[in-house]
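# Summary of the model geometry
Residues per chain are reported as follows:
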Amino acid sequence: MIAFSEAFGGGNGAARRLAPAVRLLCGAWVFVCCAVVPLGSPAGIALFVVAWLAWLLGCAMPPRQLALSLGFAICLFAPLLLLAPVARWNGSAVTWTEALRAPLYVGARGVAGVTICVGALSLLPFTEFTDAVAALPLPRAVTGLLVQIVHQAALLTDETRRMADAMRVRGASSARLAMRLRVVTAFPANWMTRLALRAARAGDAMEVRGFDGLPPNMPTPTFSRSDWLALTATTLLAVGALALRWRGCA
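To start, this report covers the structure provided alongside it. (Residues numbered from 1 in each chain as written. Predicted model: local features only at pLDDT ≥ 70, side-chain atom pairs only at ≥ 80, totals over all residues. Heavy atoms only, no water.)

## Overview of the nonpolar core
Grouped together as the largest cluster of nonpolar side chains are 29 residues, with contacts concentrated most on C26, C34, F48, W52, W55 and I116. For this core, the secondary structure elements donating two or more residues are α1 (20–36), α2 (42–59), α5 (96–122) and α9 (225–249). Considering each element in turn, this core owes the most residues, seven residues, to α2. Here C34 is in contact with F48, A51, W52, R109, A112 and I116, once residues within four sequence places are set aside. Within the second largest apolar cluster, ten residues are counted, among which are F8, A21, L24 and V147. (Core = buried A, V, L, I, M, F, W, Y, C linked by side-chain atoms within 4.5 Å. Buried < 20%, exposed > 50% of the residue type's maximum accessible area, 1.4 Å probe, protein only. Helix = DSSP H or I, 4+ residues; strand = E, 2+ residues; numbered from the N terminus. Contact = heavy atoms within 4.5 Å.)

Structure below.
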């Protein structure tokens, strides 16, 4: 899988021309649409497919990034298919179609959700993420927390990758089984120690500088006509999915 920091940027679709905050909001509305739309009706399936494919086309992720995100999502949700034989054998499902329906629905939503989130990140270079979150109507404390979570997650994943590369260069992957077991057992302690020290240094530096996670003066965002059109379109998709869900439950 690609590193966390590599997930940002790379998308070169039409949605890249939108304001950073609008890219996040549009991705969130498309995610809501695919998460709540009922997949038991042709209208729901059509809305699901249109919203998902339109978002992927609008993001235009690099082929490698799209393939890796799809592969990760499929590996993550494919084990749900093992529930079908259980439902079939214990009598809760009459046919195999009924037994497979729920796992396939959950898997389709999961795969779509993962790729939608990765597509949204691909539209935001790492340097624009702070501007995008700061423009959202959220309290400053929440905004600062979200920004720091993402930045620290990127640092932690990069640190983990460097430690793995260092062990690989030193021959840990080609060593004897006993030596590899010793490396695997010692890795968590070394990993946690390095991450704790890095987090402590970052926290001390922020406290000394009086930094709360956001620049002191964030500019007021301005949205263009295309931004409002994209935001309206994705909002309507989410509203349509909610309407189909309510209609199906009524």
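Here the narrative resumes.
## A few points about the state of the cysteines
This model, assessed by the stated rule, comprises zero disulfides. This cysteine, C33, is not joined by any disulfide, and C34 carries the nearest cysteine sulfur, 5.1 Å off. (Disulfide = S-S within 2.5 Å.)

## Let's talk about helix α3 (residues 63–77)
Residues spaced three or four apart along an α-helix point in a common direction, a consequence of the helix completing one turn every 3.6 residues. Taking 1.5 Å per residue, 15 residues should reach 21 Å; α3 reaches 21 Å between its end C-alpha atoms and fits that length. Looking only at α3, the buried set comprises Q65, S69 and A73. The arc that holds the buried residues of α3, viewed along the axis, is 60°, so those residues lie on one side. Among the exposed residues of α3, those pointing more than 90 degrees away from its buried face are P63, R64 and C75. (Expected span 1.5 Å × (residues − 1). Arc of directions from axis to C-beta.)

## A word on the packing of α1 against α2
Two elements in contact, α1 and α2, have axes separated by 9 Å at closest approach and are oriented at 155°. On the basis of their axis angle, the class for α1 and α2 is roughly antiparallel. Considering how the two elements wind past one another, α1 and α2 form a crossing that is left-handed. Here α1 contributes R23, C26, G27, V30, C33 and C34 to the contact with α2, which in turn contributes L47, F48, A51, W52 and W55. Classifying every residue of the contact of α1 with α2 by side-chain character gives nine nonpolar, one polar and one charged. (Axes fitted to C-alpha atoms, helices over the stretch in contact; angles between N-to-C directions. Parallel < 35°, antiparallel > 145°, perpendicular 65-115°, else oblique. Left-handed = near helix turned anticlockwise from the far one by under 90°. Nonpolar A, V, L, I, M, F, W, Y, C, P; charged D, E, K, R; others polar.)

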